[in-house]
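Overview (structure and organization)
Listed below, chain by chain, are the residues.
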Amino acid sequence: MERISELFRNITSEDAQVVPLTVFVAVLCLCLVIGHFLEENRWVNESITAIIIGLITGIIILVVSKGKSSHILRFNERVFFIYLLPPIIFNAGFQVKKKHFFQNFATIMLFGVFGVFISTSIIVVGSRWLVPKLGFLGLTARDYLALGTIFSATDTVCTLQVLNQEETPLLYSLVFGEGVVNDATSVVLFNAIQKMDVTRLNASTILSVIRDFLYLFSTSTALGVSAGLLTAYVLKALYVGRHSSVREIAIMVLVAYLSYMLAELLELSGILTVFFCGILMSHYAWHNLTESSRITTRHVFAMMSYVAETFIFLYVGMDALDIQKWKTSKTNFGSSVSICSTLVMLILVGRAAFVFPLSALSNFMNRGRTSRITFRHQIVIWWAGLMRGAVSIALAYKQFTYLGVTWKSINAAVVTSTIIVVLFTTMLETDANTPIG
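Quick caveat: nothing in here was measured; it's all calculated off a predicted structure. Note that residues are indexed from 1 along each chain, following the sequence as it is written. It should be noted that, the model being predicted, local features are given only for residues of pLDDT at least 70 and side-chain atom pairs only at 80 or more, the latter also being counted only at that level, while totals for whole chains, interfaces and linings use all residues. Values reported for side chains reflect all heavy atoms of the structure, with hydrogen atoms and water molecules removed beforehand.

As for its position among the elements, Asn-91 is in helix α4 (residues 77-95). Ignoring sequence-local partners within four residues, the contact set of Asn-91 consists of Phe-301, Ala-302 and Ser-305. Where helices and strands are cited, they refer to DSSP runs of H or I of at least four residues and of E of at least two residues respectively, numbered from the N terminus. Here, residues are in contact when the closest pair of their heavy atoms is within 4.5 Å.

Here you go:
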């Protein structure tokens, strides 16, 4: 251990970025290998594996650095939104079963859009009422509104790993579709809250937020659809694949990423843009590729998404041991348990408030169809949205930190509580999930 410490002390300034990145990539490779051996284990999926390895790595770094740090790399929410999230969302759109997705599009929109508004409202009201009673003082009105969107963003990866898309197409499409639309809606709503005047909360302010939200939602979707159609036209008109299959794959990857960055540059929703870009590319552009490129694209996009997801969960595990945030937060064990329990309770209540009523509304609207959302399906959908993931952490960092550093005790307490809720709900959902027939 002393030799390792000495090695890190001898790192020059030129190696300051290279060495941490090298170590992180090595840990990432280890995580992938261990995940392979645990493939058949129904109790431990790859998300949990990455988090546990992240925790172990954080402990080792704490020992080596003598308690100074648990990080190899410092988290930056901009890195998450610019580099890690796009391949995950694009692959989700590219791989989605479009028939089932669009058959249930109205219900997915009900859950993913209206559900977020309902859930956010309940979390905002509940946290504004309960959090100060637990001794957490100092949050502003904008902070409480941000908390609502932070804890309304779901991560359904664990549930999707045990659902069979062929055996339960309705349930899978609803859980999958809500997860993607929910994240996009939460981020759009979060950004809208940053622009609103919280000193004058009245009907006109709320209508203004809704108007801005509808504008962002529609224009972001239109941009993604346009990018997908443009790519399909270029590949067909120029027949790029006759010279190089590498070039046509590169065009798809770069145009998809360009659409995301354009959306962010125009202050739209990059998540919605790249998601619908992925859907349009898989439906139109994919058929204009050569046979070898069709096979390659599916594997390349899935690989990029897989590595990005593993990277995120690995870092979440390390970030849970960030000594600086824990010292700044000045919260004891009892306070942390109380605030995290309150947040989990509000999350469950918020989801119940829209899943069951909106399921009944969907069944009423689709009463002529044979497929209905059964009560058992509703329970699965309600529970599937319990898990909070990297989007929640990234939004918490964006709201309560500056350049990754928490300057106020209450802000540090919110960030650490968010990390605990993410870890707890991920573990809880993984243990509770069983294959649904």
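Inspection of the secondary structure assignment puts Gly-389 in the loop between α16 (375-384) and α17 (390-400). Put simply, Gly-389 and Phe-313 are 76 residues apart on the chain and 8.3 Å apart in space, counted from C-alpha to C-alpha. Not counting chain neighbours up to four residues away, the residues in contact with Gly-389 comprise Asp-155 and Val-422.

The next thing to look at is the packing of helix α11 (residues 245-265) against helix α13 (residues 291-319). To describe two helices that pack against each other, one gives the angle between their axes and the distance between the axes. Axis lines are fitted through C-alpha atoms, for helices just across the contact stretch, and the angle between N-to-C directions can take any value from 0 to 180 degrees. Packing of α11 against α13 leaves a shortest axis separation of 10 Å and a crossing angle of 40 degrees. When the interaxial angle is binned, α11 and α13 end up oblique. The chirality of how α11 crosses α13 is right-handed. Two secondary-structure elements touch here, α11 through Ser-245, Glu-248, Ile-249, Met-252 and Val-253 and α13 through Ser-292, Ser-293, Thr-296, Thr-297 and Phe-301. Throughout, the term roughly parallel applies to angles under 35 degrees, roughly antiparallel to angles over 145, roughly perpendicular to angles from 65 to 115, and oblique to all others. Definitions for this section: a left-handed crossing has its near helix turned counterclockwise from the far helix by less than a right angle. A right-handed crossing has that turn clockwise.

This brings us to the nonpolar core. One recurring pattern in soluble globular proteins: nonpolar side chains tend to sit buried together. Nonpolar cores were defined as sets of buried Ala, Val, Leu, Ile, Met, Phe, Trp, Tyr and Cys residues, with membership established by side-chain atoms within 4.5 Å. A 1.4 Å probe rolled over the protein chains alone gives each residue an accessible area, and that area as a share of the maximum for its type sets the label: buried under 20%, exposed over 50%, partly exposed in between. If you look at the biggest cluster of nonpolar residues, it comprises 110 residues, and the most contacted ones within it are Phe-80 and Phe-275. Per element, the largest residue contribution to this core is 12 residues, and it comes from helix α9 (residues 169-195). Val-116, Val-124, Leu-189 and Ile-193 belong to the second largest nonpolar core, which has nine residues in total.

All right, on to the packing of aromatic side chains then. Any two of the Phe, Tyr and Trp rings considered here, Trp counted by its six-membered ring, make a pair once their centres fall within 6.5 Å; the pair's planes then place it as stacked at under 30 degrees, edge-to-face at over 60, or tilted in between. Scanning the entire structure with this criterion turns up 17 aromatic pairs. Seen from their ring centres, Phe-90 and Phe-301 are 4.9 Å apart, and the 90 degrees between their planes marks the pair as edge-to-face. With Phe-90 in helix α4 and Phe-301 in helix α13, this residue pair connects regions lying 211 residues apart in the sequence. Of the two residues, Phe-90 and Phe-301, neither departs from the other in class, the shared state being buried. Through a chain of ring-to-ring contacts, three or more aromatic side chains come together here, namely Phe-101, Phe-102, Phe-105, Phe-275 and Phe-276. Looking at Arg-298, its charged tip hangs above the ring of Trp-286, at a distance of 4.7 Å from the centre. When the ring centre of Phe-81 is taken as origin, the NZ or CZ atom of Lys-398, which lies over that ring, is 5.6 Å away. Our definition puts a charge over a ring when NZ of Lys or CZ of Arg is within 6 Å of the ring centre and also within 35 degrees of the ring normal.

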